[in-house]
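Given next are the chains, with one letter for each unit.
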Amino acid sequence: MDDDLWDLIEPAAARRLLAGAVALFAERGYGGASTRDIAERAGMSPAAMYVHYATKAELLFTIVRAVHEAAHAAVVTARDAAPGHAARVRAATYALARFHARHQQAARVTQIELAGLDADRRAFIQELRDGTDAVFHEEVRAGAEAGVFDVADPPGTARAVVSLCVDVARWYRPGGPRTPEEVGSLYAHLAARMLAVQ
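Here is what the cut-offs are and how they apply
Within every chain, residues take consecutive numbers counted from 1 along the sequence as written. For this predicted model, a pLDDT threshold of at least 70 governs which residues receive local features, and a threshold of 80 or more governs which side-chain atom pairs are given and counted, while totals over whole chains, interfaces and linings are taken from all residues. As a rule here, side-chain values come from all non-hydrogen atoms in the structure, and water together with hydrogens is ignored. Counting from the N terminus, the helices are the DSSP runs of H or I reaching at least four residues and the strands are the DSSP runs of E reaching at least two. Residue contacts are counted whenever heavy atoms from the two residues lie within 4.5 Å of one another. Given a helix with a known number of residues, its expected span is that number minus one, times 1.5 Å. Only protein chains enter the calculation, and the probe is 1.4 Å; a residue is then buried if its accessible area is under 20% of its type maximum, exposed if over 50%, and partly exposed in between. Whenever two N or O atoms come within 3.5 Å, that pair is a polar contact, provided that in protein one can donate a hydrogen and the other can accept it, and provided that, for residues adjacent in sequence, both atoms are side-chain atoms. Interaxial angle, 0 to 180 degrees, is taken between N-to-C directions of lines fitted to C-alpha atoms, where a helix line uses only the stretch in contact. Working definition: roughly parallel below 35 degrees, roughly antiparallel above 145 degrees, roughly perpendicular at 65 to 115 degrees, and oblique for all remaining angles. The hand of a helix crossing depends on one turn: near helix anticlockwise from the far one by less than a right angle means left-handed, and clockwise means right-handed. Put simply, Ala, Val, Leu, Ile, Met, Phe, Trp, Tyr, Cys and Pro go in the nonpolar bin, Asp, Glu, Lys and Arg in the charged bin, and everything else, Gly too, in the polar bin. Stacked, edge-to-face and tilted are the three classes for Phe, Tyr and Trp ring pairs, Trp counted by its six-membered ring, which pair at centre distances within 6.5 Å; planes under 30 degrees apart are stacked, over 60 edge-to-face, the rest tilted. Put simply, a charge is over a ring when the Lys NZ or the Arg CZ is close to the ring centre, within 6 Å, and near the line of the ring normal, within 35 degrees.

## Re the side chain of His100
Among the secondary structure elements, His100 is positioned in helix H5 (residues 85-102). Sequence-distant contacts of His100, defined by excluding residues within four places in its chain, comprise Ala107, Gln111, Cys165, Val166, Val168 and Ala169.

## Things to note about helix H7 (residues 119-145)
In this model, H7 (27 residues) spans 37 Å end to end at C-alpha, consistent with the 39 Å of a helix rising 1.5 Å per residue. Those residues of H7 that sit buried are Ile125, Thr132, Val135, Phe136, Glu139, Val140 and Gly143. Buried residues along H7 sit in contact with helix H4 (56-80), H5 and helix H8 (154-171). Here H7 starts with a cap whose side-chain oxygen sits 3.2 Å from the backbone nitrogen of Asp120, and that cap is Asp118.

## As for the packing of H4 against H5
Packed helices, taken two at a time, are described by the angle their axes make and the gap between the axes. Packing of H4 against H5 leaves a shortest axis separation of 7 Å and a crossing angle of 150 degrees. As the angle between them shows, H4 and H5 are arranged roughly antiparallel. For the crossing formed where H4 meets H5, the hand is right-handed. Two secondary-structure elements touch here, H4 through Val67, Ala70, Ala71, Ala74, Val75, Ala78, Arg79 and Asp80 and H5 through Arg88, Ala91, Ala92, Ala95, Leu96 and Phe99. Classifying every residue of the contact of H4 with H5 by side-chain character gives 11 nonpolar, no polar and 3 charged.

## Focus: the packing of H7 against H8
In the contact formed by H7 and H8, the axes pass within 9 Å of each other and the chain directions differ by 135 degrees. One way to sum up the angle between H7 and H8 is to call them oblique. By crossing handedness, the relation of H7 to H8 is classed as right-handed. Across from Asp133, Phe136, His137, Val140, Arg141 and Ala144 in H7, the residues of H8 making contact are Pro154, Pro155, Ala158, Arg159, Val161 and Val162.

## With respect to the side chain of Arg79
Turning to its location among the elements, Arg79 is positioned in helix H4. Accessibility expressed as a relative area gives 13% for Arg79, which makes it buried. With sequence-adjacent residues up to four places away left out, Arg79 is seen in contact with Arg88, Ala91, Ala92, Val135, Glu138 and Glu139.

## Re the packing of aromatic side chains
All chains considered together, the criterion is met by 3 aromatic pairs. Pairing Phe61 with Phe124 gives two aromatic rings, centres 5.7 Å apart and planes at 65 degrees, and the pair type is edge-to-face. Linking Phe61 in helix H4 with Phe124 in helix H7, this pair joins segments that are 63 residues apart in sequence. For Phe124, a relative accessible area of 35% translates into the label partly exposed. Summarising the aromatic geometry, the rings of Trp171 and Tyr172 are spaced 5.9 Å apart at their centres and angled 70 degrees between planes, so their arrangement reads as edge-to-face. With a relative accessible area of 4%, Tyr172 lands in the buried category. Residue placement shows Lys56 over the ring face of Tyr30; its charged tip is 4.3 Å from the ring centre.

Put into structure tokens, the structure is as follows:
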């Protein structure tokens, strides 16, 4: 279900390369997939790949960036549509957990292969991650200050909620007993329990 992650990538051949790379990185790891393998998976010649991505590292960075940007957008959109502190945290949690189930393969590759990025690209991605973390930290802090949440450690609790959601990509399997929406609903409920919503 990762195809819509690449909707903004043009042309179609570049999207096929991303999809092929994600599948191969999931199967073999970043180090175990050659550019030739990726091009073959995308139904292209090795030379054609370099028209769109100069290196395998650039391909990985494009994947990791797209996953983080899409996850952040999902969280912010869900939060902004919800009224009140409790509803906003539930909505953001639902969105992040659902995202990691719906895009399990790309999200898992992103987590596992993050170390394959160079220092500058890792720093860029860390800024994106910090932005998503900040949504949860701000909402939990605001709800605690308003007396809606009963938490002794708002930053630690927010971090725990985000960690639970991100970890979905590690264990979730498409076609399993729960849909991404069911996972999102469960995690939204768990977040509310962790926050002791009043």
